[in-house]
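Tertiary structure, described
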Amino acid sequence: MKRYQFWFLILLLTILTACDGILSEDENDHLERNVVNSLKGVKLISEDILDGRDESTFTEETYLLNSNRRMLLRFEKIRDEVGSVVIDNTTRMFMILKLTDGQNLEDYFGKIEICPLLKNWMMLATWNYAHPFAGKKGKWGNPGGDFNFSECIGINEENSKIDSNEAYFDISDWFIHNIQSGRSNFGWVVISEEDITIIGDNNAAHSPRVVWREIF
Amino acid sequence: MNKNYLLLAVAIMLLISLKSMAAPTNVGNGDDGTDLEGFAKLESGPLIESQLRAVNQLRKLNISNIKGLGNLINEIEKNNIYMTNKDVSAKKMEEMGAFHAGLEGKVYARTFSRPHAPTRFFPASLKLSQNQLMALHIHEGLHRALPEEIRDDEKKVSNITLAIISPESTYDQINQVVMEVYPDKKEQIPAGSYTQSVNVSKDSKLNNPSSLELSFRSFGSPKQDETKLQSLPISSIYSISSHLYPFGKNEYALGTGIDISYIKQDDGKSYMGPLGLSLRKLIFTMRGFDLETYGRADLHTLSDEELKNSLMGRDIYKVGVSLIKTTDIVYIQNDLEYTAPSEVKETIANINYTYKFGSTVAARIKAGGRYKNFHAGGFFEMLVSTNFTVESDNSDFGKEELGRNRVVALGPEIMWGRNNFDVKFYGRYLLNSSKETDFDQLGDLMGTGVGQGNLGLSVSYKF
């Protein structure tokens with residue numbers, strides 16, 4: 001009897017251990033399949049900074065954004081990295097912006113937006129110019145970047161990670177229509193009316209990035 | 001000494017009066033050979049010495065650059081001199097044509113008024129002083145070197161001779177006399193020459209082609225839009241230029257130049273700029289016009305990385321021609337210049353950009369007036385550059401073709417010069433351009449500069 005009790009106990013422990021792995025999985029934990037870090041193609045534009053070569057406008061650890069400071073983002077060569085992935089209702093493409101510690105992501109729901117840019121730009125971009133060449137051709141149609149407000153995307157509250165201050169933006173439609181269809185990648189402008197500090201491209205672990213992941 | 005000159009002057013004036021009495025005088029005509037009975041070519045002696053002294057004197061006076069006298073040195077220096085065995089009386093010679101005699105009726109020398117004709121001296125000439133003989137050589141040489149329409153005119157030839165041999169004679173005084181004897185101040189029609197001599201106008205740069213120059217240019221003019229800064233915020237450039245012409249004669253001077261530059265930015269940063277290397281050569285001079293060609297390379301081999309890694313970091317290769325006309329009161333210069341295409345790379349935040357400049361053609365007119373030691377004028381230029389492109393090999397920026405650009409500029413130029421020293425104030429102002437193009441986009445730091453224009457000051461010594 002004792003022998004049977006021993007083997008029964010072993011079997012029971014094994015089953016419980018296996019079940020623990022399944023039962024403990026949170027329904028909101030997703031599998032990240034592909035990550036594109038934006039360690040280049042990040043540019044701050046500000047009404048107060050006139051020189052496109054100002055070193056505080058790129059390769060920074062953090063960027064302070066507000067009504068007259070915006071961030072231009074272009075995930076360079078994104079098509080080469082993840083251009084062939086399949087996007088559907090369960091597998092989506094997200095842009096992730098991480099806020100610095102001390103800020104509460106929930107406070108910014110509905111206040112930060114990313115908007116697809118409509119004009120090609122260089123790292124010499126300023127508040128008034130996408131690039132400094134060819135006169136008006138290089139000038140933004142609207143100071144601060146050319147975009148349609150109707151195409152702007154807010155934080156995806158459902159998929160964002162509150163604990164780690166990571167704001168998720170669902171850019172799947174833009175990715176399909178612009179990247180996978182082979183159109184130009186002019187990137188995004190991040191706009192916020194309130195002061196917000198975002199971790200920049202000088203931080204390899206938490207720089208702005210794009211992930212392709214499943215949602216359930 | 002002055003007495004000798006006086007004597008010679010009187011002798012020459014006598015010749016002039018003789019000419020008016022014994023009309024018309026055709027130098028060398030009517031030669032029946034009387035004076036040629038026995039003569040020998042001279043290789044040494046006082047006549048040869050005075051010939052050399054005359055040549056040296058003419059060289060000191062830079063006589064070759066005076067209109068109409070371009071061949072005078074050649075005519076004297078390479079002239080074969082013969083000595084006759086006996087004197088001939090002035091009376092006899094009067095029957096024969098032109099000759100040069102003294103108050104005592106002695107004949108000293110005789111030549112033909114055509115290029116390269118030999119000169120026969122008579123034994124009486126050996127009693128003349130060296131200065132008188134020099135004057136005689138010059139006078140005879142003028143008969144051969146001057147344009148055909150005036151070389152037979154004894155009065156004009158004598159006037160020029162007097163101007164040359166006069167104590168304390170200067171280039172300007174001689175030039176003034178020569179200009180007066182030209183009926184309509186025509187430029188020289190060469191009377192012939194031993195070599196293909198080039199007559200450089202008296203104000204040609206090639207008279208004193210070599211130079212050492214210090215210059216400063218300030219790019220303080222406002223940008224069209226300060227947020228449209230295309231290149232580095234360069235505020236000024238200092239340069240030292242040494243252009244030396246060691247090759248060939250003055251008329252054929254071939255020079256090399258080196259320009260070293262130093263650049264300062266608005267924020268106080270400074271660094272080495274481009275190294276300029278140049279060549280310049282006179283192609284020809286005709287009717288007072290100088291046509292010069294030049295080639296220039298502005299290389300960034302010595303420049304700091306900061307400058308190399310910018311729009312201003314392109315190497316410049318250009319060739320051009322200058323057509324220059326200078327008179328006593330005005331100067332006009334037309335330049336045509338071609339700059340070859342080139343490219344430069346700039347990396348900003350790990351993104352590589354390549355700026356490709358198309359070729360640039362520049363047409364420039366410089367003109368102004370002259371008064372004593374002052375030159376005041378300005379320039380007007382048009383520059384057209386072909387397609388300018390920006391492309392990136394490691395970003396989705398791709399390639400932007402920004403098309404051709406047109407830039408129109410003008411500026412003042414005021415110069416004061418004395419004793420080979422020049423002080424020049426100049427400026428450049430962007431008058432008009434397509435697509436709001438600044439000078440930045442031409443990428444020619446040593447040429448057009450940056451921004452909307454500049455003001456410059458230079459001090460140079462020419463030699």
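Residues numbered from 1 in each chain as written. Chains lettered and ligands numbered in written order. Predicted model: local features only at pLDDT ≥ 70, side-chain atom pairs only at ≥ 80, totals over all residues.

With that settled, consider the confidence of the model for chain A. Across chain A, pLDDT averages 85, with 90% of residues at or above 70. Here residues 21–30 of chain A is a poorly scored stretch, pLDDT under 50, and it has five contacts once near neighbours within four places are set aside; other chains count. (pLDDT = per-residue confidence, 0-100. Contact = placed C-beta atoms within 7 Å.)

Attention now moves to the interface of chain B and chain A. Each partner contributes to the interface: chain B provides 25 residues, whereas chain A provides 26 residues. Broken down by class, the residue content of the side of chain B that touches chain A amounts to 10 nonpolar, eight polar and seven charged. (Nonpolar A, V, L, I, M, F, W, Y, C, P; charged D, E, K, R; others polar.)

Along the polypeptide, B:Phe112 turns up in the loop between β4 (107–111) and β5 (119–121). Sequence separation between B:Phe112 and B:His143 is 31 residues, and the spatial gap between their C-alpha atoms is 7.4 Å. (Helix = DSSP H or I, 4+ residues; strand = E, 2+ residues; numbered from the N terminus.)

All names here are of chain A. Here five strands make up an open sheet; going across it, the order is β2-β4-β9-β6-β7 and the pairing antiparallel. Only two strands of the sheet have a single neighbouring strand rather than two, namely β2 (42–46) and β7 (153–154). The sheet contact formed by strand β6 (residues 112–116) and strand β9 (residues 188–192) spans five bridges and is antiparallel. Within β9, the residue paired with isoleucine 112 across the bridge is serine 192. (Pairing = 2+ DSSP bridges.)

Turning next to the nonpolar core. Core analysis: the largest hydrophobic core is formed by 81 residues, its most contacted members being A:Met71, A:Phe94, A:Ala125, A:Ala167, A:Val189 and A:Val190. The element best represented in this core is strand β5 (residues 91–98) of chain A, accounting for five residues. (Core = buried A, V, L, I, M, F, W, Y, C linked by C-beta atoms within 7 Å. Buried ≥ 20, exposed ≤ 12 C-beta atoms within 10 Å, placed from the backbone.)

Moving on, we get to the sheet that holds strand β14 (residues 351–357) of chain B. Residues and elements named next belong to chain B. Taking strand neighbours across the sheet as the criterion, the four strands line up as β13-β14-β17-β18 in an open arrangement whose pairing is antiparallel. At either margin of the open sheet sits one strand with a lone partner, and together these are β13 (342–348) and β18 (399–401). Put simply, the sheet's adjacent strands are angled 15° from each other on average, direction ignored. Here seven bridges tie β13 to β14, and the two strands are oriented antiparallel to one another. Following the sheet pairing, lysine 345 is matched in β14 by threonine 354. (Axes fitted to C-alpha atoms, helices over the stretch in contact; angles between N-to-C directions.)

Residue and element names in this part refer to chain A. Of all eight residues in β5, seven are buried, a share of seventy percent or more. Pairing geometry for β5 and strand β11 (residues 209–214), over six bridges, is antiparallel. Residue pairing across strands places threonine 91 opposite glutamate 214, the latter belonging to β11. Note that β5 and strand β8 (residues 166–170) share five bridges and pair antiparallel. The residue bridging isoleucine 96 from the neighbouring strand is tyrosine 168, located in β8.

All right, on to the environment of B:Gln265 then. Residue and element names in this part refer to chain B. Inspection of the secondary structure puts glutamine 265 in strand β8 (residues 254–265). According to the C-beta neighbour criterion, glutamine 265 is partly exposed, with 15 such atoms within 10 Å. Placed 33 residues apart in sequence, glutamine 265 and leucine 232 show a C-alpha to C-alpha distance of 7.5 Å. Those residues in contact with glutamine 265, other than ones at most four positions away along the chain, are Leu232, Pro233, Ile234, Ser235 and Ser270.

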